[in-house]
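# Observations on chain architecture
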Amino acid sequence: MKIICIGKKTDPRCLDGIATFERVLGKIFKDDIKFYVYNTDREYIFDCDNIVNIEETNSIIEKILLKILGKTRYTSFKINKEKPDIVIINKLKDLKMIKNGKFKKILIQHNSLEWYKNDIFKVFQVVKLIQKELDYYVFLSDESKKLFLNFIKLNQNQGIVIRHSCEIKLLNQIKLKNKKLIIIARIENKHKRIDLAIEAMKKLPDFTLDVYGSGPDEEMLKQMIIDEKLEERVFFKGATNKVQEKLDEAGIFIMTSEYEGYPISTIEAMMRGLPIILRNTFESAPDIVQNNGILLDKEWDEDKYVEAVYKIYQNYDYYSKNAIEMGKRHTFETIKNKWLNFIKEVIEDNKK
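What comes next concerns the included structure. (Residues numbered from 1 in each chain as written. Predicted model: local features only at pLDDT ≥ 70, side-chain atom pairs only at ≥ 80, totals over all residues. Heavy atoms only, no water.)

## Looking at the overall build of the protein
For clarity, the threshold we go by: Secondary structure elements are defined from DSSP: runs of H or I of at least 4 residues count as helices, runs of E of at least 2 residues count as strands, and each element is numbered from the N terminus. With the radius of gyration taken over C-alpha atoms, the globule rule is written as 2.2 Å times the number of residues to the power 0.38. A 1.4 Å probe rolled over the protein chains alone gives each residue an accessible area, and that area as a share of the maximum for its type sets the label: buried under 20%, exposed over 50%, partly exposed in between. Throughout, a residue-residue contact means that at least one pair of heavy atoms, one from each residue, lies within 4.5 Å. All accessibility values rest on the Shrake-Rupley procedure with a 1.4 Å probe; residue burial counts only the protein chains present in the view. Charge assignment: positive for Lys and Arg, negative for Asp and Glu; neither His nor the chain ends contribute. Charged groups are reduced to one reference atom each: NZ for lysine, CZ for arginine, CG for aspartic acid, CD for glutamic acid.
Helix and strand content of the protein: 15 helices and 13 strands. For 352 residues, the compact-globule formula gives about 20 Å, and the C-alpha radius of gyration of the protein, at 21 Å, lands near that figure. A buried classification covers 55% of the 352 residues belonging to the protein. Long-range contacts, defined here as pairs at least 24 residues apart, represent 68% of the contacts in the protein between residues at least 6 apart. In the form shown here, the protein has an accessible surface area of approximately 16,700 Å², with 47% of it arising from carbon and sulfur atoms. In the protein, the 61 positive side-chain charges and the 54 negative ones have mean positions that sit 6 Å from each other.

Have a look at this one:
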């Protein structure tokens, strides 16, 4: 069996949700999977095997081909040359790389339907390309599957639900509460809206907020902290590969994003018993928060957010125990078995 996983702006060695998803796939399929990546200025935080950088080759012929064909068509050339059984893509636009390929094509949902509608699904040809080329679409919740398939008009048997997993171990003891809030995210404020959580800290004088990650808006948000005189309670800690350790130091996980798919950082938080405060801005949000935290309305209300922080802290054991129970759905072995069974069916289908 030969699997290729690609995404023009993804790399399993970096810090983000798609990268974590790819690292989990790497641990599941081991030598059977390769990751096609491209040059990036992003920092490498993690180790990962079987990386193929499309833009790095020692072959003079392939360097010439890359220059002539461009990255998309050159990647198509490389994929067809390898003759994989399956190609997994993380970005809808990457369907162009694999159209007409004689292998099974699997697309992973990494964002909400609303986001796709506002961006890629505006292009009618993209939806037609999905209908023509895609063999399977892996969704992150039952609600996502229903909404996407109805919108794209794919057959029900083309969609499968496999939740994400992570590299964090499930906590097997009681978690003690504390007043440290934590955000782990790419520092891209239009998407993540970290400014909302920072602004609300003025109404949470007994709490601190640690923000882990890197991104283009870090300096802007640091200046906001200075302007709001929150330097002693809000801290930017940079990117980290010690996620479990940082979660264990914190008490409540915060996510204030405008849109998501099924953020792996929330799964990591569950695994370590952290209650979650999440905005209901994407269809999988109710699948993530079920008595293991508080699901806020889509429209931001700072007072309700502050109330949620205090409510969780006052009932910490209840929310924390439920977080661990929710985490059991995402353990590596659970998700590994789902992927292995799914790929087995895909391979059998390929033989028909």
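That shown, we press on.
## Some words on the environment of Arg42
For clarity, the threshold we go by: Definition of a polar contact: a pair of N or O atoms within 3.5 Å, with one able to donate and the other able to accept a hydrogen when the atoms are protein atoms, and with sequence-neighbouring residues admitted only if both atoms are side-chain atoms.
Residue placement: Arg42 occurs in the loop between β2 (33-37) and β3 (51-53). The class of Arg42 is partly exposed, set by a relative accessible area of 22%. Put simply, Arg42 and Leu15 are 27 residues apart on the chain and 8.8 Å apart in space, counted from C-alpha to C-alpha. Among all residues touching Arg42, those that are not within four sequence positions of it are Lys9, Cys14, Leu15, Asp16 and Arg186. A distance of 3.3 Å separates a polar atom in the side chain of Arg42 from the backbone oxygen of Leu15.

## Some thoughts on the side chain of Arg23
The residue Arg23 is located in helix α1 (residues 17-29) in this model. A relative accessible area of 5% places Arg23 in the buried class. When residues no more than four places from it in sequence are discounted, the contact partners of Arg23 are Pro12, Cys14, Phe46, Asp47 and Glu167.

## Topic: the sheet that holds strand β4 (residues 86-89)
Going by this rule: In short, DSSP must find at least two bridges between two strands for them to pair. As a rule, the C-alpha atoms of each element are fitted with a line to give its axis, helices using only the stretch in contact, and angles between N-to-C directions run from 0 to 180 degrees.
Judged by pairing direction, the sheet is parallel, and its seven strands sit side by side in the order β3-β2-β1-β4-β5-β6-β7 without closing on themselves. At either margin of the open sheet sits one strand with a lone partner, and together these are β3 and β7 (159-161). Here the average twist between neighbouring strands, direction ignored, is 25°. The pairing of β4 with strand β5 (residues 104-108) spans four bridges and is classified as parallel. Note on β5: the bridge partner recorded for Ile88 is Ile106. Contacting β1 (3-6), β2 and β4, helix α2 (residues 60-82) crosses the sheet at an angle of about 165° to β2. Each of β6 (136-139) and β7 is contacted by helix α6 (residues 142-152), which is oriented at about 145° to β6, the strand it contacts most.

## Some thoughts on helix α9 (residues 218-227)
Threshold: Throughout, the arc means the angular range of directions from the helix axis out to the C-beta atoms.
Of the positions making up α9, those classed as buried are Glu218, Leu221, Met224 and Ile225. Angularly, the buried residues of α9 cover 120° about the axis, an arc narrow enough to put them on a single face. Across from the buried face of α9, at angles greater than 90 degrees, the exposed residues are Glu219 and Asp227. Those residues of α9 hidden inside the fold are in contact with α7 (189-192), α8 (194-200) and β10 (234-238). Looking one or two residues past α9, Lys229 carries a phi angle of roughly 55°, positive in sign.

## Regarding a positive patch on the surface
Heads up, the rule is: Grouping into patches uses exposed residues only, defined as over 30% relative accessible area, and leaves out salt-bridged ones; the cut-off is 9 Å for like charges and 5 Å for nonpolar side chains (Val, Leu, Ile, Met, Phe, Trp, Tyr). Criterion for a salt bridge: a side-chain nitrogen of Lys or Arg within 4 Å of a carboxyl oxygen of Asp or Glu.
Together, Lys8, Lys9, Lys71, Lys91, Lys93, Lys96, Lys99 and Lys132 make up a region of like positive charge exposed at the surface. When its relative accessible area of 52% is taken as the criterion, Lys93 is described as exposed.

## Examining the nonpolar core
One broad trend across soluble globular proteins is that nonpolar side chains are buried collectively. How we decide: By nonpolar core we mean a set of buried residues, namely Ala, Val, Leu, Ile, Met, Phe, Trp, Tyr and Cys, connected to one another through side-chain atoms within 4.5 Å.
Ranked by size, the top nonpolar core spans 48 residues in total, and within it Leu25, Ile88, Ile106, Phe253, Trp339, Phe342 and Ile343 carry the most contacts. In terms of residue count, helix α15 (residues 332-351) provides more of this core than any other element does, six residues in total. Not counting residues within four places of it along the chain, the set of residues in contact with Leu25 comprises Cys5, Lys30, Ile33, Phe35, Ile88 and Trp339. Core analysis: the next-biggest nonpolar cluster, separate from the first, contains 32 residues, Ile194, Ile198, Ile277 and Ala308 among them.

## Considerations on the pairing of β1
Just so we agree on the cut-off: Here, the term right-handed applies to a crossover whose path from the first strand over the helix to the second runs clockwise when the strands point away from the viewer.
The alternating pattern of β1 places Ile3 and Cys5 and Ile4 and Ile6 on opposite faces, both of which are buried. Between the parallel pair β1 and β2, the chain is carried across by α1, and the sense of this crossover is right-handed. Judged from the four bridges that link them, β1 and β4 form a sheet pairing that is parallel. Counted as the bridge partner of Ile6 is Ile89 from β4.

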